[in-house]
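Residues per chain, in single letters:
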Amino acid sequence: MPTKSLTFLLPFVAAAALTLHAAPPSKTDKAKPATPAAVDPYTEVQPATETLDLSAYQRIRDEGLNHSHVMDFASALMDGIGPRLTGSPNLKKANEWTRDTLTKIGLENAHLEDWGEFGLGWQQLNTWARMVTPDTAVLIVQATPWSPSTPGPVTGEVTFVNIQSEKDFDTYKGKLAGKVILFGAMREVPPVEKALFERYTDKELEELAEFPITAGAGGLPPEMQARLAARMERLRLIDKVAQFFADEKVAAVIEPSRDSNKGGGSGGTIFDDNGATLGRTPYIAEKAVKIPVAVAAIESYGRLYRLTQAHVPTTVEINVETKVTGEHEHGFDTVAEISGTDPALKDQVVMVGGHLDSWIAGTGATDNGAGTVVAMEVVRILKALNIKPRRTIRIALWTGEEQGIFGSKGYVTQHFGSAATSTAPDQMQLPEFMRRATGPLTVKPEQKLISGYFNIDNGTGKIRGIYTQGNYAIAPIFTQWMAPLKDLGVTAITNRNTGGTDHLSFDAVGIPGFQFIQDDMDYESRTHHSSADTVERLQPADLKQIATVEAIFVYNAAQRDQMLPRKPLPQPELEQDKRKPLEGIFPGAVPPPPAAK
């Protein structure tokens, strides 16, 4: 099933996702404070049968499928603004455009909310490279995010550097000045034997609906612990490698683009994300990378690599032109509302959203321009139909998701609650968003006012169902909501968790947060964080279906008498104790001898 590859461990550490980037009060206009709910959503009794307004289904389907404007939003955002790296001028434009556009389509209180300081503002202006000797050839490259510039075009001898541990530094010390460094193993380039583009089969959806019971459920499996430890050790080494290259005064570094599943990382496609950056947090000024770094399509990298391995003198001319636009840029979320009309329920809120930021190689169309424009189309549909929801409907478009779901966490911390994270030495080695929560969870009055949050962030593929995120009480409700949508292909409900995106911020503080099951299409194989992530990869019919289905979910949540059922309030401070082995139950066991002093 699709997951966000940069945050592959998030399903196992959702409880840790509570306190990152707690922000100062917004510097922009803020929503009026809400009043406490009259009913405790954790104790509210749910009906066995849902009351569905099928005439509303009909109207939403007609507007969403026959009068869609989702591709208008898509081209304006992706073509008109382009890639939206967190902290960049383009993301500022996107924040302002979404705010202003939501106002134009009739939403109220459209504003930007400051979630805190992010770091460097940065943009790529121009990057190119060419092989000069032993042949002339155009190389397919892009700057890695937050790379500094070269001082104009520079030419250097190409040298492959293989550093796997600190002892390897001595091999290259004093030998790299002025060189263009190839850094990264030359990987296999498998043939593309299967279609990169696929949809779920009925059998796969049936399997997805089955809840997996594992021996280590709830904890971090040993294999994941090993992967995390190895990854963090490698990242610590990468920080030292970056400083070593700077000390050696290399001209530039070229890295190979990673692969995707099914061999989609070939044919000139570049993946340019966290995995390409030469440093763990290159967006923080004091940890900024000091040398120009570019990522190359594997075919370009491969030719250079093979020449160096054959000891053929090779030179490359490279020009990396980038711009730092600020060192202490703040991040903002775009927020707007359709006000509720029921005197008893209007202070309660149903939320819909996706993340607005992207990486830089393409224009961020499937990740996550799709989720952004779908959320905008959802509220456009409801406004076009002049629907007067009982509860308030709030759209939120997050930023900083790609670096650690910063925007949604900051918003949740400000409005709904948070818990302290561990300061243990091993935890401090992790990125802040992955540190274990030690609690207890502190919730604010607004936390009880949010009925639920619906998120799209798995590309352009149509909705096939929904993850309940372990919220077993809601599965019968969603089953009834989905019955009239079977002809649109919406059939699957799974109680599994899915991770890697903004619904986790809500789930971590006890608010129902949901991500939909979507057809994968070519998201994981070709478009996720790549140069191919452009409007051409969007599927208009699928986006119409997504917006229509999500609009119906949001409408139903806004209209029902009760708020959506909740899981028990998280108790992150108790998680470690709950997983400890029971003591004193083994027959004949005796206390262990005291440890030697």
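Here, every reference points to the structure presented above.
The shown structure was predicted, so the numbers you read here are calculated from the model rather than taken from an experiment.

> Break down the overall build of the protein chain for me, with residues and values.
Helix and strand content of the protein chain: 15 helices and 16 strands. By the compact-globule yardstick of 25 Å for 597 residues, the protein chain fits well, its C-alpha radius of gyration being 25 Å. Per-residue burial over the protein chain gives 56% buried out of 597 residues. With 60 positive and 72 negative side-chain charges, the protein chain shows a spacing of 2 Å between the two charge centroids.

> Describe the pattern of salt bridges, naming the residues involved and giving the relevant values.
Proximity of charged atoms lets side chains of opposite charge pair with each other. Counted under the stated rule, the structure contains 28 salt bridges. Residues Asp259 and Arg187 are paired through a salt bridge, measuring 3.7 Å at the closest nitrogen-oxygen approach. Remark: Arg187 occurs in the loop between β5 (180-183) and α5 (202-209) and Asp259 occurs in the loop between β6 (252-256) and β7 (293-296); sequence separation between them is 72 residues. Where Asp561 meets Arg390, a salt bridge forms, and the shortest distance between an N and an O atom there is 2.7 Å. Within this pair, whereas Asp561 is found in the loop between α14 (540-559) and α15 (575-578), its partner Arg390 is found in the loop between α8 (365-384) and β10 (392-398), the two being separated by 171 residues in sequence. Linked through salt bridges whose partners overlap, the residues forming this network are Arg199, Arg464, Asp519 and Asp542.

> Give me the packing of aromatic side chains: which residues, what numbers.
Counted under the stated rule, the structure contains 27 aromatic pairs. With centroids separated by 6.1 Å and ring planes inclined at 80°, the aromatic side chains of Trp146 and Trp359 adopt a geometry described as edge-to-face. Of this pair, Trp146 sits in the loop between β3 (141-143) and β4 (154-161) while Trp359 is found in the loop between β9 (349-355) and α8, placing the two residues 213 residues apart along the sequence. Residue Trp146 is classed as buried on the basis of its relative accessible area, which comes to 3%.

> Break down empty space enclosed by the protein for me, citing the residues and quoting the values.
Under the counting rule described, the total for this entry stands at 1 cavity of 30 Å³ or more. Taken as a whole, the largest cavity holds about 50 Å³ of empty space. Lining the largest cavity we find Ser358, Trp359, Ile360, Ala361, Gly362, Thr363, Gly364, Asp367, His529, Ser530 and Asp533. In terms of residue class, the lining of the largest cavity is built from 3 nonpolar, 6 polar and 2 charged.

> I'd like to hear about a nonpolar patch on the surface, residue by residue, with values.
A grouping of Phe211, Ile213 and Tyr472 is seen on the molecular surface, where their side chains present a nonpolar patch of about 390 Å² in accessible area. Along the chain, Tyr472 falls in the loop between β14 (463-467) and α11 (475-482).

> Summarise the packing of helix α1 (residues 54-66) against α8; cite the residues concerned and give the values.
If you want to describe how two helices pack, look at the angle between their axes and the distance between the axes. Packing of α1 against α8 leaves a shortest axis separation of 10 Å and a crossing angle of 125°. Compared by their axis directions, α1 and α8 come out oblique. The way α1 lies across α8 gives a crossing that is right-handed. The segment α1 lies against α8, with Ile60, Glu63 and Gly64 engaging Arg380, Ile381, Leu382 and Ala384.

> Explain the side chain of Glu50 to me, using residue names and the numbers behind them.
As for its position among the elements, Glu50 is in the segment before α1. Residue Glu50 is classed as buried on the basis of its relative accessible area of 12%. Among the polar contacts listed, one links the side chain of Glu50 to the side chain of Arg560, at a separation of 2.6 Å.

> Any details on the pairing of β7? Residues and values, ideally.
Burial along β7 is two-sided: Val293 and Val295 facing one way and Ala294 and Ala296 facing the other are all buried. Here 3 bridges tie β3 to β7, and the two strands are oriented antiparallel to one another. When the bridges of β7 are listed, Val141 appears paired with Ala296. Note: β6 against β7, 4 bridges, orientation parallel. Residue pairing in the sheet places Pro256 in a bridge with Ala296 of β7.

> Which residues make up the packing of helix α2 (residues 70-78) against helix α3 (residues 89-104), and what are the values?
Contact geometry for α2 and α3: axes closest at 11 Å, N-to-C directions at 150°. Taken together, the axis directions place α2 and α3 in an arrangement best described as roughly antiparallel. In terms of crossing hand, the pair formed by α2 and α3 is right-handed. Touching Phe73, Ala76 and Leu77 of α2 are Ala94, Trp97 and Thr101, all from α3. A per-class count over the contact of α2 with α3 returns 5 nonpolar, 1 polar and no charged.

Quick notes on the rules
Residues numbered from 1 in each chain as written. Predicted model: local features only at pLDDT ≥ 70, side-chain atom pairs only at ≥ 80, totals over all residues. Heavy atoms only, no water. Helix = DSSP H or I, 4+ residues; strand = E, 2+ residues; numbered from the N terminus. Rg over C-alpha atoms; globule rule 2.2 N^0.38 Å. Buried < 20%, exposed > 50% of the residue type's maximum accessible area, 1.4 Å probe, protein only. Lys, Arg positive; Asp, Glu negative; His and termini not counted. Charge placed at Lys NZ, Arg CZ, Asp CG, Glu CD. Salt bridge = Lys/Arg side-chain N within 4 Å of Asp/Glu carboxyl O. Phe/Tyr/Trp six-rings, centres within 6.5 Å; stacked < 30°, edge-to-face > 60°. 1 Å grid on protein atoms, 1.4 Å probe; cavity = no way out; pocket = protein on both sides within 12 Å on 5 of 7 lines; lining within 4 Å. Points joined across faces, edges and corners; volume = space filled by probe spheres on them. Nonpolar A, V, L, I, M, F, W, Y, C, P; charged D, E, K, R; others polar. Patch = residues over 30% accessible without salt bridge, like charges linked within 9 Å, V, L, I, M, F, W, Y side chains within 5 Å. Areas by Shrake-Rupley, 256 points an atom, 1.4 Å probe, with all protein chains shown as cover. Axes fitted to C-alpha atoms, helices over the stretch in contact; angles between N-to-C directions. Parallel < 35°, antiparallel > 145°, perpendicular 65-115°, else oblique. Left-handed = near helix turned anticlockwise from the far one by under 90°. Contact = heavy atoms within 4.5 Å. Polar contact = N/O pair within 3.5 Å; in protein donor to acceptor, adjacent residues only side chain to side chain. Pairing = 2+ DSSP bridges.

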